[in-house]
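Remarks on the overall topology
Given next are the chains, with one letter for each unit.
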Amino acid sequence: MWLHATSTTGRNTRIIFTATAMTFACISISAQADSSEASHVDAAEVSCELISSAPASGRDIKSSVTCDYRHDPAFKPAQFALEVGGAKVRLMRDNIKKYPAEDQKTAFLVIFDVSDPRRNETTTTFYPKIIAAIAKDIPAHLMIGVTTFAESLGTISPLQPLASAAELRTISFSATGAATELNRATLTALNSLAAEKADRKLLLVVSDGKSEDTAYKLADVVAEAKKLRIPIATIGISERPSDTPSLQSLRLLAEKTGGAFFDFTEKTVPVDLRSKLQMLVESGGRLYFDGSVFNGKKRVSVILTDSENKIAIANTDFSFPDLRGWQERAKDFTITYWWVLVLGLVVFVGCVSVVIRYRRMHRERRLQNRLVAEFRALDGDETRYEVRKSAVTLGRDIQNDIVIINSSVSARHAELHRTRQGIFRLSDLGSTNGTFVNAAQISAADLKDGDVVEVAEVRLQFKIFD
């Protein structure tokens, strides 16, 4: 009966755990099946903000939420979807605005390398052409700042909205610096740009890629740009073919920060330069939705799908104000967390089953470890060899359960095994001098209480206690 109870408990435990594992496996397979319908691209970014939370009509309170999202410039979304806490939110066409929406602003900060007097012709004649291409027909939402660097960063035109290009066209450049601190100047420009009030920001570095920094490294600049979430675009201008390898640092800086690298060594500026720069930071737009039905911290997901069924997902955690009454809170808690009770019950039953099984196994081990038989030496000091396990080995080697120190005994001489029926069976393990039971040599024999066993020259009497 005791063995039957143990078997039943173990079987119930296995059934519970198997059912739980199958449930989670089905959920996982279902999720994989849903996600396999479309391929994913690099994740986008989104940030949300509570616009208002005020009474709409009577006692009802409405909260309005806006989310700004951006994605890879090369990704062209054709469909938009919004999920809050895994629940889909219906979006009307008026709820989606392409960037720039309302009062959104984009800030460009351009820093020019004026460190090498040998590059003065490029500095004085070509730099203004870059400015002219950027400043052509400046849109109202765009702010541009211009500065130069050599040993340090110096402002020529502060970051500001420009209704026309007149101010930028008056800027003149001159290469007067002696040393190039490219990395330090870029770090300074990043932090200056980060302090500006703008929705999208881009740093443009114009240089030959040479840097004489010792304390500041390219990795420092990349880490700071990623932390501030400001991409860096770079324009490389090599004066001589031997200087071309220096442009690699500018290319790497752009690639590592999500910007773009432009090689202007041929001194030709594309007419669409500014539009290419804007594409780096002005993807995405803004979503509006009613957040009144949500409360507490939820995962907000903006799901974008292009014409080729590729998906970009932007996730953020947002805390919604709790506008529910206590009845709604109790109802929602019951509906939402019913599975907690079920899972708790499963865990409780599983734990009880494990405890019962452990206690019974512990009892079995305790019973199995009791003294069930012994060998008593018939010669000498009548040494007693206890048998407490279902299988023990006898021999001269210390690795045996029963170690018999006698030169006539083999290293592994014999083995005593207790069957499930309680019968003790002695087997010879290919010993040199043989094993005997009641003076008869055996290869295997069942032992009875009082039998005389000879292990080579050592005579033992077998005693059964159970």
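Located above this text is the structure these notes cover.
Residues numbered from 1 in each chain as written. Predicted model: local features only at pLDDT ≥ 70, side-chain atom pairs only at ≥ 80, totals over all residues. Heavy atoms only, no water.

Considering the pattern of salt bridges
Cut-off, in case you're wondering: Each reported salt bridge corresponds to a side-chain nitrogen of Lys or Arg within 4 Å of a carboxyl oxygen of Asp or Glu. Starting at the N terminus, helices and strands are each numbered in turn, a helix being any DSSP run of H or I of at least four residues and a strand any DSSP run of E of at least two. Relative accessibility decides the category of a residue: with a 1.4 Å probe and only protein chains considered, values under 20% of the type maximum give buried, values over 50% give exposed, and everything between is partly exposed.
Following the criterion strictly, the structure yields 20 salt bridges and no others. The residue Asp401 makes a salt bridge to Lys389 at a minimum N-O spacing of 2.9 Å. Residue Asp401 is found in the loop between β18 (391–395) and β19 (402–403), and its partner Lys389 is found in the loop between β17 (384–387) and β18; the two are separated by 12 residues along the sequence. With relative accessibility at 39%, the residue Asp401 sits in the partly exposed group. For Lys389, a relative accessible area of 45% gives the class partly exposed.

Some details on the sheet that holds strand β22 (residues 435–437)
The following threshold applies: Strands are treated as partners if at least two bridges between them are detected by DSSP. For every element, the axis is a line fit to its C-alpha atoms; helices are fit only across the contacting stretch, and the angle between N-to-C directions ranges from 0 to 180 degrees.
Pairing is antiparallel across the open sheet formed by 6 strands, whose spatial order is β17-β16-β26-β25-β22-β23. The open sheet terminates on both sides in strands that have one partner only, identified here as β17 and β23 (440–442). With strand direction ignored, the average angle separating the axes of adjacent strands in the sheet is 30°. Bridge analysis of strand β16 (residues 373–377) against β17 gives 4 bridges, and the strand direction is antiparallel. Residue Phe375 lies in a different strand from β17, and its bridge partner there is Tyr385.

Points about the packing of aromatic side chains
For clarity, the cut-off: Paired rings are identified among Phe, Tyr and Trp, the last through its six-membered ring, by centres lying within 6.5 Å, and are further divided according to the angle between planes into stacked (under 30 degrees), edge-to-face (over 60) and tilted (the rest). Charges are assigned to positions over rings by a cutoff of 6 Å between ring centre and Lys NZ or Arg CZ, combined with an angular limit of 35 degrees from the ring normal.
Applying the stated criterion across every chain yields a total of 11 aromatic pairs. Measuring from centroid to centroid gives 4.7 Å for Phe112 and Tyr127, while their planes differ by 45°, and the two rings are tilted. A residue pair is termed long-range when its members are at least 10 positions apart, and Phe112 in strand β7 (residues 106–113) and Tyr127 in helix α2 (residues 120–134) qualify at 15 residues. By relative accessible area, Tyr127 is classed as buried at 0%. Positioned above the aromatic ring of Tyr99 is the side chain of Arg200, whose terminal nitrogen or guanidinium carbon lies 4.3 Å from the ring centre.

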